[in-house]
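Here's the letter readout for the chains.
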Number of protein chains: 2
Amino acid sequence: MGTAKTEIFSTQHNEIARFAKALGHPARVAILQHLFKINTCVCGDLVVEIGLAQATISQHLKVLKSLGLIKGNVEGTSVCYCIDNENWAKMKHIISNFINQDLNTQSCC
Amino acid sequence: MGTAKTEIFSTQHNEIARFAKALGHPARVAILQHLFKINTCVCGDLVVEIGLAQATISQHLKVLKSLGLIKGNVEGTSVCYCIDNENWAKMKHIISNFINQDLNTQSCC
DNA sequence: TTATTCCATTGCAATATTACGATTAATTGA
DNA sequence: TCAATTAATCGTAATATTGCAATGGAATAA
């Protein structure tokens, strides 16, 4: 175990969970927030900015990249990262649709 | 390790991550979705509905309850769960504010 | 009381995640 | 060419998560 039984859930539920999981670590939230804040691509200063070891940041970037939320471009000896607008929008819709549900009735308990 | 270094991140980033993490498992997504769908409290049929062992469901419910997203009421020999509207709204705002950010400029890469 | 039902908790095994030092690969600058 | 810089990857340790069988506690039904 330790592995989620994804096969018993719908594609939709698995997809919501996959995106949510990627946002489920403060370092990844901080990375994404920084990319939004500086509003351009980030080349190299993420390690300083976030305050974790280089290997650790690289691992978090890999998670975000593998989901498509960010993309990286090699610029000489450094790599520049930025939000992938298209996939970010896709994630936004999937998560929003889920969390913006409202109860039609009062909770009974 | 295996433990996130939450102390180096802002309260806001940690809070976003905490909520996102709770939504980061398809079983918990399915549980919440079911609670919205039937639009009232659920007494006892979650194990059948989701298809995991009773102990496993109980554990997922505990995660959701400890974050305040759901609440449970004892009704005789069973327990009824429902969405906690107040905390759900709080989560909704926190997550929405984060994911609804838009880039002012084109990505440079 | 005794059996039953429902659910939480405990204990455990398998796997995943987080973090980092060390190494490697690629590029640039001298 | 050779050092320096940057970031990915490897290896490893510590901890967290997932899942389930077994157990236990609380309420109900007989």
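Higher on the page you've got the structure.
So, here is what we can say about the structure in this document. (Residues numbered from 1 in each chain as written. Chains lettered and ligands numbered in written order. Predicted model: local features only at pLDDT ≥ 70, side-chain atom pairs only at ≥ 80, totals over all residues. Heavy atoms only, no water.)

1. Comments concerning the overall build of chain A
As a reminder of what qualifies: Strands are runs of DSSP state E lasting at least 2 residues, helices are runs of H or I lasting at least 4, and numbering of each runs from the N terminus. Our radius of gyration looks at C-alpha atoms and nothing else; its globule reference is 2.2 Å times the residue count to the power 0.38. In this scheme, a residue with accessible area under 20% of its type's maximum is buried, one over 50% is exposed, and one in between is partly exposed, where area comes from a 1.4 Å probe on protein chains only. Here, two residues are considered to be in contact whenever any of their heavy atoms come within 4.5 Å of each other. Positive charge is attributed to Lys and Arg, negative charge to Asp and Glu, and no charge count is given to His or to the chain ends. By convention, the point assigned to a charge is CZ for Arg, NZ for Lys, CD for Glu and CG for Asp.
When you go through chain A residue by residue, the secondary structure sums to 5 helices and 3 strands. Traced from its N-terminal end to its C-terminal end, chain A shows the element sequence α-α-β-α-α-β-β-α. For a compact globule of 109 residues, the expected C-alpha radius of gyration is about 13 Å, and chain A comes in at 17 Å, more than 25% above that figure. Each principal axis of the C-alpha distribution contributes one length, and for chain A these read about 60 × 35 × 25 Å. Within chain A, the proportion of its 109 residues that are buried is 47%. Of all intrachain contacts in chain A linking residues separated by at least 6 positions in sequence, the fraction that spans at least 24 positions is 51%. Distance between charge centres in chain A, computed from 10 positive and 8 negative side chains, equals 6 Å.

2. A few points about the packing of aromatic side chains
When we look at a pair of aromatic rings, we describe it by the centre distance and by the angle of the planes. What counts is decided by this rule: Pairing of aromatic rings covers Phe, Tyr and the six-membered ring of Trp, with a centre-to-centre limit of 6.5 Å; geometry is then stacked below 30 degrees between planes, edge-to-face above 60, and tilted otherwise.
Taken as a whole, this structure holds 4 aromatic pairs over all chains when the rule is applied. Plain terms: the ring middles of A:Phe98 and B:Trp88 are 6.0 Å apart, the flat faces sit at 75 degrees to each other, and that makes the pair edge-to-face. Linking A:Phe98 in helix H5 (residues 85-99) with B:Trp88 in helix H5 (residues 85-99), this pair reaches from one chain into another. Summarising the burial analysis for this pair, A:Phe98 and B:Trp88 share the class buried. Each residue in the set A:Phe36, A:Trp88 and B:Phe98 is aromatic and connected to the rest through ring pairs, giving one cluster.

3. What to know about the protein's contact with DNA strand C
Basically, it comes down to this: A molecule or strand has a residue near it when one of that residue's heavy atoms lies within 4 Å. Two N or O atoms form a polar contact when they lie within 3.5 Å of each other; inside protein one atom must be a possible hydrogen donor and the other a possible acceptor, and for residues adjacent in sequence the pair counts only when both atoms belong to side chains. We call Asp, Glu, Lys and Arg charged. Ala, Val, Leu, Ile, Met, Phe, Trp, Tyr, Cys and Pro are nonpolar, and the rest, Gly among them, are polar.
Inspection of the region around DNA strand C gives 27 residues, with A:Met1, B:Gly2, B:Lys5, B:Ser58 and B:Tyr81 positioned closest. Protein-proximal atoms of DNA strand C, defined as those within 4 Å of the protein, fall in sugar or phosphate at a share of 66%. A distance of 3.1 Å separates a phosphate oxygen of DNA strand C from a polar side-chain atom of A:His25. Between A:Thr56 and DNA strand C, the recorded distance is 3.2 Å, taken from a side-chain N or O atom to a phosphate oxygen. Going through the elements one at a time, helix H4 (54-66) of chain A together with helix H4 (54-66) and strand E3 (78-83) of chain B are the ones with two or more residues in the surface near DNA strand C. By residue class, the composition of the surface near DNA strand C is 9 nonpolar, 14 polar and 4 charged.

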